[in-house]
Structures are given as structure tokens and as C-alpha cells.
Amino acid sequence: MGFQRRSGSLLTGLSVGLLLFFSWMMPAQPASLSALAHHPHLCQTTWDADGHRYPGFFCPRLSDTPEEAYCCHTQAAGGFCCTLAEFEALNQVNLSALRPPPIFRGPGPLLALSLYSLLLVALMTADLVHFCRVRGRGRDQCRDLSPSSDRRPSRSSTARPLQASSVEQLRKDGNELFKCGDYEGALTAYTQALGLGATPQDQAILHRNRAACHLKLEDYEKAETEATKAIEKDGGDIKALYRRSQALEKLGRLDQAVLDLQRCVSLEPKNKVFQEALRNIAGQIQEKVRYMSSTDAKVEQMFQILLDPQEKGTEKKQKASQNLVVLAREDAGAEKIFRSNGVQLLQRLLDTGEPDLMLAALRTLVGICSEHQSRTVATLSVLGTRRVVSMLGVENQAVSLAACHLLQVMFDALKEGVKKGFRGKEGAIIVDPARELKVLISNLLELLTEVGVSGQGRDNALTLLIKVVPRKSPKDPNNSLTLWVIDQGLKKILEVGGSVQDPPGELTVTANSRMSASILLSKLFDDLKCDAERENFHRLCENYIKSWFEGHGLAGKLRAIQTVSCLLQGPCDAGNRALELNGVMESVIALCASEQEEEQLVAVETLIHAAGKAKRASFITANGVSLLKDLYKRSEKDSIRIRALVGLCKLGSAGGTDFSMKQFAEGSTLKLAKQCRKWLCNDQMDVGTRRWAVEGLAYLTFDADVKEEFVEDAAALKALFQLSKSEERSVLFAVASALVNCTNSYDYEEPDPKMVELAKYAKQHVPEQHPKDKPSFVRARVKKLLAAGVVSAMTCMVKTESPVLTSSCRELLSRVFLALVEEVEDRGTVVAQGGGKALLPLALEGTDVGQTKAAQALAKLTITSNPEMTFPGERIYEVVRPLVSLLHLNCSGLQNFEALMALTNLAGISERLRQKILKEKAVPMIEGYMFEEHEMLRRAATECMCNLAMSKEVQDLFEATGNDRLKLLVLYSGEDDELLRRAAAGGLAMLTSMRPSLCSRIPQVTTHWLEILQALLLSPSQELQHRGAVVVLNMVEASREIASTLMESEVLEILSVLAKDEETPVTRAATACLGKAVEYGLIKPSQDGR
């Protein structure tokens, strides 16, 4: 291996040595007159008086004219090329009178010269072959050794896996991949080497190399872990120490980073890199200490003011509380408060019972516990878990919400600790974060059934359980927390769901409590992984319902039926099974005829929820329609009538959007809808009753006739939007459903005409679309909704901090927003009413379909409006991730295209936005779309890459060897599609301007490069001409050789014509090209100086 690596340099050295040897062996002879006369073209090697040597040469040289073919010798300079007259005058000789010199034809010298020439040719050939092999091997290592390469393999080649027979070879392969920038591939190689039983010394090297990879990948936790493992193997590994200090610095653990750097400096005192890094970290620590010391007195003074009884209710006290909260938001300030006995002082503020002081204390505790596990555990230890949870149940709504926020922050800190664990000083005081987590959840479950807890506090407890208990992703295999909550607290959740609102002796609940309980039950059920776990859930629910249904009289049956209603709204499978229990359905029918309003309400609501489930709809259609009609006609109470009406609406809309399936007689649904709108607009009715009118409209708006009448009713729309902004959160899903129906934003696929004919021939039912559901009617309805203020109402709905805003509800809102921005002229209205701001949370949270719809709506807004105005401030950077998500292959071509167009606009705004796009790893996907067959996708991707080319990282990609990125841009600059040519030529102009080294590679990528440039310069489009002229100018300025090639072609004539036009950017660029060519001496200016 060593000989092969050095053979190239040895061959070159041997060749040069032979040449020098022969030149030194030739003696420098004085130029006699006879020798000069017989060899007039040769300037021999000479030495001057100072010992300077002048090598020999033949005239004329490349820089001389053809007439200067004779050598004139001087004593000072040895010789120079001159004309025949000058030669004869200088040497006093007439060459025409002399006989020609005899030609030396000796066989010995000729043989020696031939052998010498062959030797030189052989050495130079061997050197060239070796150079090509080494260069090809290096390129192959970067290309083929990478196991994480995402390049598309050619048809004639197969992917070669990373193979090595030893730890040393794998380590070397990893080093080569690291040099090539393939950090994932290098990481894989080092990992494989560790698995081959490496020695402790090799393990230390491999671990520190893995640390370097993680540093490059910005995974600083893993970098610190790997460097620590290397140090454990070799305590004197200075590279591992330095890399660990870099990781610790990025993690903010400066005190530990400085210890590692001090050790590095002690091992290598003269290393300037270590000294500079130590100075930087020392400066950061001093700044932090200075900041913390300056806040010491402020913290003490703020607590004195807040705890002073004489300052009660003063403006000074209010300002001190605000300053304390602001200080706690910064990590250094929070740490200072914590170390200044702040938790005990905040406990005293909580003990005062004053709402303002309690709010200040809770908000300060949020800053202390935020993203810090050890401080969270210490805070719980001081305040007591029971005390913190009990603050949820206070009557003051603001205090309850602040306590809910604090508990959410605590849960996040503890769950993060369970996920990744902590080491060092922070982890030293934590025994088991999972235990603290279960203690908190256990106290929340106890709070659900405590008498005396406010209804708002109970709702907040349910909200926390919804957010904390279920897994965030089905990919997480651990659902043990869900199973534990089901075993410990399912009965308590069912007790809240089965409660009747505000009866004496019952739990205090709000209108949203039962809905929140239903959502929690649904999420727990969905988080179960197998049939055995689901069967256990069913068994526990059925046992609870039976325990109340049997042996507790009418009150027990009422609670059991209310619990069934709660299950039907949540995990409907469990609700359907409970409905099949012996006597339950019969009791529901019997209670519908009760004279007690509360009993009727519970029974009718259960009947309504059961009617929405396909399993029960047929039974109720046959047996319950007459009952609901009787209740609607005979009941004197509007609360009963409106619920019966909703039940009829559900049954009447069973056919969905199918115009051919009508459950009721013609005109019946319009009458039902009219009555619903009447109740909706009745301000005298309570909000809880009016929301049932929205439920009815959510089902009736499947009918296009109902939609048309509804959007024409301005009073009904106004009432609907006002209700969506009220505290009645359970109405959100119904409002969103009605809006989806009115805008036809549900999924609808046009049936294949051939399949329709086949279905008719087979006498199968074929769904029919209502004539008023055609696009023209839909567009008209959208404009009426926009004029009524639908966007502001939806914006308020998105801001709702309630579990009622489920992922399904978010998806419905995303669908409506997408329908609202479909027309370009409507997008300004959506932006003006805050639609852009509302779409961001919808695009980042919810179902996959909902996030995709919201991201597509964001893309449409970004394409046609100024992104800096649509998403002001830091919000514009949040748009990038949803847009990049639309580039995935599971999205449609239209979504891909709109995402590329939107990213193009963002990439042209600022370097920070371009860096954000690069960080989201969008470049490989954009490059993939540059190869798409669809011309619009290909063009959009090229335009996006053109704007991204302003970033250094993208320029590095084009400059790297072994890729065809530059070739693709050059070829696209010669395509027929003018927009594609404009994008590619723009990118080419930008790249050649910022990276002149690329200019010399353009002639190498394709033989048609001159034709492409000439076509750009001759284009009738001024933009294409300008781009082509800039590319030519960059190439001319980059190299005289390229400039010479261009000037020898038709480009010179084209530039000359362009330079004579009126003053334009094209003219200026063409003139600059010609001026540079004149400067090189390739062309001469015309007589008029142009």
C-alpha cells in the first residue's frame, strides 16, 4: 500500500532528475562564430559573470513573430530571438554565402537519444495512469463506500454494501467518508468497527470519531456520550476531551466544558486552539456570573415588596410581580430565583390567597420548572404534589388556568427526563422521574371525583390527562402509562362522564366536562395495542354501567344511561356494546316518555348519539322516528324539542351527500333546517340549548338546498359565528362540520363514467351529486361566508385551549381554510382577517390529512402574497416546515408544485430563510423534482434551486466533484421551455458569479455548451439574453483560455451586435465581455474606440 501511494511522486521525481542530469552534463560552451553560423536558430545554454545560468532554446518561441527565427547572442542575457538582418549585422556574417552544416548521423548518439526518449515517454505514461487510478479510487470511496448515499443507482450497477475485514480498514473507510462530508456513512462504519471486537485503544479512537460525526450532525447529547466513552477507555485522549467540551458548550453546561478545556491546555500548553476556546468559554461564564450577580439584589427586593403587608394592592407590588415573572423566563434568572430560596418564598405568596399574588407565583414557577427536570422535582418536593394539583380546583378561573399551565410544564420536564435520562449534577438528585410522573397523574385522577372542586378545575384536570397520558405517536411501543391510568382511574373518568349537570349532591361539572371525559376515553381506547387490552377496557366499562343500572333505582339507571351516552360520543365501540346490555335500550325508550325534564334530556341525548352510529341507525330508524316526532310535536319544553329535532336531523341525513337517497319526504329537511336556524338565532335561549341547533345543521347541510338557504341567512351565520366564539366549547365540532359541508371541502372523487354505466347495468345503486353542489355554486357560497366573517370566527376557534378542539376538529378547520383560499382573489381577505396566523398551528398539529390541507393552504397564501406581510416577524420561519412536508412523495403533484413555488418565494427573501430551508433537509427533495417528467414540477424545482444557490452550502454542492448538478443546469438552459430556461440560466449566472471555478467546468460537462450560450444570447427574451450575457461575462473574467475559446466562436459577433444596442443591462454585460477580451489581447478595439 505504501509503495502504491508513493509511486506517482517517485516516477515524477525520476523523470525530472533525468532531465536535470542531462542538462547539467551538457557543458556550457562559448558561442564561437562558426558555431553560431552553422546553428543560427539555437540559443545555447550560457553563464554570465555573476554565475547566473541561462537555459538554451530554439527560435522562434511562441511569443515571437515568425520572422524572429534567429538567435542573437549577448554577453549579458545569453541570447534572444531576432530577424535575419539583425543576426547578420550582429555577427558580421552572410548566411547565404556559407555552406549548410553537415547533418550528424552517427548511430551511437541516435540510439542513445531514442532510448532516452522512450524512457521519458514510459515514465510519463506510468505517472499519468497512476494519477487517474488514484483520483478515481478517491472518488469511488466517497461515492461507493457510503452506506447512506441516496443517489439513484444506474441500471447496470448494483449497490455495494460497506465491507471490510478488519477494524483498521473500517476506521479508514469511515475517515474517508467523513472527509467527503458523509457523516451518517462515517458513523455507520465506526459502529461496524466497534462490533468487531476492537482493542481498548481502537475503541477510544472509534468513540471519539463518532463524537466528531455527532458534532457535525448537531446531535450534541450523543456527541457528549461518545466522547465520554472514549475518555473512559483512554483518559489522556486529548481529542476526545476537546470534542466533549464542544458538545458541553453547545448544551449550555459551561462549567463542565471549561474543566475539559483546562485539562486539554494542561496536556498541550502551546496549543492555540485550546487556549482560544478556553478564553471564549471563560468570557461566557464571566458574563453569566455578572448577570446573575446583578440580579441578586433585584430578586431580594422584589420578594420584599411582594411579601410586605403594607404594600397591599399598590402599583409597586404589581410591577414587582411582573418583573419577577419576566426574570424567570430567562434560564439564568430562573436559576437565580431558585438558588435564592425562591421556591419557599413563592410558597408564601401562594399561602396569601390573593389571586394576583398567586398568579405571579404560579407564572414564576412556570419559568423555574420549564425544561428543567431537577428544578421541577425540587419544586414538587417543597410545595408538595397534592398542593400543586389542588390549586386546579380553586374557583378563580385565572388561577386554575395558571396552575394547569404549571402542571403541563412539570409533566413535560418529567416526561423528557424519562425519555432520555440525565447525567452529571442535574441527574444526581433525581431517583426516578417515572415515579414522580405517576404521583402527579394519580393526584389528578383523585381530583376528578373530589367534592368541592370547581367545574373549571375538573375540566383542566381532564385536559391535562388528555395531553399527558396517551402516546404522542403510534411508533412509540410503550403504552404502559395508558394501561396504568385505565386500571387506576377509568372508573373515576366514567363517573365524571356520567354526571348530570348541577344536581344537588353530585359532582360540579360544566357543559364541557362530559365532552372532555368522552375525548379522554376515546384517546385511551385508541392508545390500546391489542384485543386483550381492548377487551379489558370493555369489561371495566360494562361492569361500571351494570353496577349503577342494577340496584340503584331510577337514579342509578339515569347515571348508567348518561355514562353510555358519554361512551357513544367517545369510544363508540364501547358505547355500542354498552347499549346492547340487557335492559339499557328499553330504559332509554321508556325514559323518553318521562314527565321529568332531566330524565327526558338524558334519554333523548343518548338516543341522538346512538342514531349517529351505523350499527344502531337501522333500529332507531324503524322504531325511534315516531318517538322523536311525538317528542318534537307534543313537548312544551324547547330543550326537549330541539334535541328531538336533532335526532330527526341525524336520521334524515343518513344518505349523506347522495342526492338519490332521501330519508324523508321532499321538503322535510328544509323545514327542519328552518326550525334549527330559528332556534339558533333566538338570543333568549341559553347557549347550551342553542348549540343543539348547530348540531342539527351540521347534519342537514349535507343537503345542497339547505346549504343555499343557510348561507343566504345572514342572521343565522352571524349567530353561528358568535356561538363559535362563546365559552360553549362543545359546539366547535358541529360548527366546523357545517362549514365543511357548505364549502364542499370534504373528499369527493368524480366516479369513472365507465364504472357508473357498469353499475347501472348491474342494477347497483349509483350515488348522484346534487345540482347545487357544482363548482359554481360552491364558489358563490364561499364568497358569502367570507363576507359574513367566517375567517375571524375560525381564527378564534383555532386559538381555543380546550380538549374539544380535537385532531379531527382541526382537520375540518384545515379543509375549510383550503376551500377559502382556492380562489386567488379571496386570499387577501383571508390574510387580512388573520387566516395566515391561524393556519400555522393547524399545519403543525393534528391528523396527517389535516396538516397536509393546512400546509397546502399556507403554500397558496405564500405564492400569491408577500410572505413578510402575511407572516410577520418570526412567524415566517414557522412556515418552512409545513411547506417542506408537502415535498414528500405521498403528497399529490399539485401539492408538490405549490410547495416548490412557495419555497421559491421564501428563498428569495433572506439568507436566514434559506438556512431554515436547508436545515429542514429540503435540498435533496428539490433536486429530485428537477428530474421529474412533468414540466411544471421540473420548472418550479429549478426556480427554487436558483434562489437557494445564493447560499454557500448550495454552492458547495455544485462545486463538489463527482456530481451532475452543473451539467443539469447547463442542459436546462438549452431546453424549449422558456420558463425553465430562464430559471436554469439564472441559477447558472448566479453560481458562475459567486464561484468562478465553476466557469472552467462548463465546457467539460457537455459538448453543446457553446450552442446553448449562443442560443441564450440570441433569444428574443431580454431576460434570457441578460442571463446568457452574465454567464459569458463570468466565464471571460474567470480564465483567458475560456475567453479565447469564446472569442474564436460566433459569440464574439453576437456580443458585438448586442454591445451596439441601446443602453440596457444586456448591452452593459456584452460591452464588459468585449472589454475584457481586449484587455487579454484577444481582440482589438475598432477605430472609433468601441
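Residues numbered from 1 in each chain as written. Predicted model: local features only at pLDDT ≥ 70, side-chain atom pairs only at ≥ 80, totals over all residues. Heavy atoms only, no water.

- For the protein, an unreviewed UniProt entry supplies the name Protein unc-45 homolog A and the organism Bos indicus x Bos taurus.
- According to its UniProt record, the protein has this under Subunit (unreviewed entry): "Interacts with PGR isoforms A and B as well as with NR3C1 in the absence of ligand, and with HSP90AB1. Binding to HSP90AB1 involves 2 UNC45A monomers per HSP90AB1 dimer." (UniProt positions renumbered as here; feature names shortened; annotations may be inferred.)

1. What to know about the packing of aromatic side chains
The geometry of an aromatic ring pair is captured by two quantities: the separation of the ring centres and the angle between the planes.
Consideration 1: One pass over the structure, following the stated rule, counts 3 aromatic pairs.
Consideration 2: Where Phe178 meets Tyr183, the ring centres are 5.2 Å apart and the plane angle is 65 degrees; that geometry is what we call edge-to-face.
Consideration 3: A cation over a ring is seen here: Arg559 above Trp548, with NZ or CZ 4.7 Å from the ring centre.
Consideration 4: Just above the ring of Tyr877 sits the side chain of Arg912; from NZ or CZ to the centre is 4.0 Å. (Phe/Tyr/Trp six-rings, centres within 6.5 Å; stacked < 30°, edge-to-face > 60°. Lys NZ or Arg CZ within 6 Å of the ring centre and 35° of its normal.)

2. What to know about the nonpolar core
Consideration 1: Membership of the largest hydrophobic core comes to 254 residues, with the highest contact counts inside it found for Ile441, Leu820 and Leu1046.
Consideration 2: Ranked by residue count, the leading element in this core is helix H18 (residues 397–420), at 10 residues.
Consideration 3: Sequence-distant contacts of Leu820, that is, excluding residues within four places in its chain, are made with Val782, Leu786, Val790, Val791, Met794, Asp826 and Val830.
Consideration 4: Residues Ile231, Ile238, Tyr242 and Phe274 belong to the second largest nonpolar core, which totals 16 residues. (Core = buried A, V, L, I, M, F, W, Y, C linked by side-chain atoms within 4.5 Å. Buried < 20%, exposed > 50% of the residue type's maximum accessible area, 1.4 Å probe, protein only. Helix = DSSP H or I, 4+ residues; strand = E, 2+ residues; numbered from the N terminus. Contact = heavy atoms within 4.5 Å.)

3. Re the packing of helix H22 (residues 480–497) against helix H25 (residues 553–569)
Consideration 1: Direction vectors running N to C along H22 and H25 enclose 100 degrees, while the axes themselves pass 8 Å from each other. Taken together, H22 and H25 sit at an angle that is classed as roughly perpendicular. Counted together, Leu494, Glu495 and Gly497 of H22 and Arg559, Gln562, Thr563, Cys566 and Leu567 of H25 form the full contact between these two elements.
Consideration 2: Grouping the constituent residues of the contact of H22 with H25 by class yields 3 nonpolar, 3 polar and 2 charged. (Axes fitted to C-alpha atoms, helices over the stretch in contact; angles between N-to-C directions. Parallel < 35°, antiparallel > 145°, perpendicular 65-115°, else oblique. Nonpolar A, V, L, I, M, F, W, Y, C, P; charged D, E, K, R; others polar.)

4. Thoughts on helix H59 (residues 1065–1080)
Consideration 1: In this model H59 runs 23 Å from its N-terminal to its C-terminal C-alpha over 16 residues, within 8% of the 22 Å that 1.5 Å per residue would give.
Consideration 2: Taken residue by residue, H59 has Val1066, Thr1067, Ala1069, Ala1070, Cys1073, Leu1074 and Ala1077 as its buried positions.
Consideration 3: Buried-residue contacts for H59 involve helix H56 (1022–1038), helix H57 (1040–1047) and helix H58 (1051–1059). (Expected span 1.5 Å × (residues − 1).)

5. Notes on the UniProt feature "repeat: TPR" (unreviewed entry) in the protein
Consideration 1: Under the UniProt annotation, the feature "repeat: TPR" (unreviewed entry) is placed at residues 238–271.
Consideration 2: As annotated, residues 238–271 has a helix share of 79% and a strand share of 0%, and its two end C-alpha atoms lie 11 Å apart.

6. Observations regarding the packing of helix H32 (residues 668–680) against helix H33 (residues 687–700)
In helix packing, the relevant descriptors are the interaxial angle and the interaxial distance, both defined with respect to the helix axes.
Consideration 1: Here H32 crosses H33 at 150 degrees, and the two axes come no closer than 8 Å. Considered as vectors, H32 and H33 are oriented roughly antiparallel to each other. Relative to H33, the crossing made by H32 is left-handed. In this structure, H32 uses Thr669, Leu672, Ala673, Cys676, Arg677, Trp679 and Leu680 to contact H33, whose residues at the interface are Arg690, Ala693, Val694, Gly696, Leu697 and Leu700.
Consideration 2: Of the residues assigned to the contact of H32 with H33, the class counts are 9 nonpolar, 2 polar and 2 charged. (Left-handed = near helix turned anticlockwise from the far one by under 90°.)

7. Observations regarding the state of the cysteines
Consideration 1: Evaluated as defined, the whole model comprises 2 disulfides.
Consideration 2: Across the disulfide, Cys59 is cross-linked to Cys81 (sulfur-sulfur distance 2.1 Å). Of note, the bridge from Cys59 to Cys81 carries an S-S torsion of about -90 degrees and is left-handed in sense. Residue Cys59 is located in the loop between strand E4 (57–58) and strand E5 (70–72), and its partner Cys81 is located in strand E6 (residues 80–82); the two are separated by 22 residues in the primary sequence.
Consideration 3: Here Cys81 falls in the buried class, since its relative accessible area comes to 7%. (Disulfide = S-S within 2.5 Å.)

8. Here's the deal with unusual backbone geometry
Consideration 1: Of note, Glu218 is a non-glycine position whose phi angle comes to about 65 degrees, a positive value.
Consideration 2: Note on placement: Glu218 falls in the loop between helix H7 (200–216) and helix H8 (220–233).

9. Things to note about the confidence of the model for the protein
Consideration 1: In the predicted model, the protein carries a mean pLDDT of 79, and the fraction of residues at 70 or more is 81%.
Consideration 2: The weakest mean pLDDT in the protein belongs to helix H19 (residues 424–428) at 40; the strongest belongs to helix H47 (residues 893–907) at 93.
Consideration 3: The low-confidence segment residues 418–430 (pLDDT under 50) makes 21 contacts with residues lying over four places distant or belonging to another chain.
Consideration 4: Confidence drops under a pLDDT of 50 for residues 655–661, and excluding neighbours within four residues, the segment shows 17 contacts in the predicted structure. (pLDDT = per-residue confidence, 0-100.)

10. Points about the environment of Ile640
Consideration 1: Tracing the chain through its elements places Ile640 in helix H31 (residues 638–652).
Consideration 2: Separated by 49 residues in sequence, Ile640 and Thr689 place their C-alpha atoms 9.2 Å apart.
Consideration 3: For Ile640, the residues in contact, after removing those within four places along its chain, are Glu597, Gln600, Leu601, Leu631 and Ser635.

11. Quick look at the side chain of Gln408
Consideration 1: Secondary-structure assignment places Gln408 in helix H18.
Consideration 2: The contact partners of Gln408, leaving out residues within four places of it in the chain, are Leu464, Lys467 and Val468.

12. A short note on the environment of Lys319
Consideration 1: Structurally, Lys319 can be placed in helix H12 (residues 315–329).
Consideration 2: C-alpha separation for the pair Lys319 and Leu306, spaced 13 residues apart in sequence, amounts to 9.6 Å.

13. Considering a nonpolar patch on the surface
Consideration 1: Taken together, the side chains of Leu111, Leu115 and Leu118 make up a nonpolar region of the molecular surface, amounting to roughly 330 Å² of accessible area.
Consideration 2: Residue class for Leu118 comes out exposed when judged on its relative accessible area of 59%. (Patch = residues over 30% accessible without salt bridge, like charges linked within 9 Å, V, L, I, M, F, W, Y side chains within 5 Å. Areas by Shrake-Rupley, 256 points an atom, 1.4 Å probe, with all protein chains shown as cover. Salt bridge = Lys/Arg side-chain N within 4 Å of Asp/Glu carboxyl O.)

14. Observations concerning the pattern of salt bridges
Between side chains of opposite charge, a pair can form as their charged atoms come close.
Consideration 1: Taken as a whole, this structure holds 46 salt bridges when the rule is applied.
Consideration 2: We note a salt bridge from Asp351 to Arg387, for which the minimum N-O separation is 2.9 Å. One end of the pair, Asp351, is in helix H14 (residues 342–351); the other, Arg387, is in helix H17 (residues 385–390), with 36 residues separating them in the sequence.
Consideration 3: Taking relative accessible area as the criterion, Arg387 reaches 26% and is therefore assigned partly exposed.
Consideration 4: Note that Glu822 and Lys860 form a salt bridge whose closest N and O atoms lie 3.8 Å from each other. Taken together, the residues Glu822 in the loop between helix H40 (807–820) and helix H41 (827–832) and Lys860 in helix H43 (residues 848–864) connect sequence positions 38 residues apart.

15. Quick look at the environment of Leu732
Consideration 1: Considering the arrangement of structural elements, one finds Leu732 in helix H36 (residues 732–743).
Consideration 2: Note on Leu732: relative accessible area 0%, which makes it buried.
Consideration 3: Linking Leu732 and Val694, residues 38 residues apart in sequence, is a C-alpha distance of 9.5 Å.
Consideration 4: Beyond its immediate stretch of four places on either side in the chain, Leu732 contacts Ser724, Met797, Thr800, Val804, Leu805 and Cys809.

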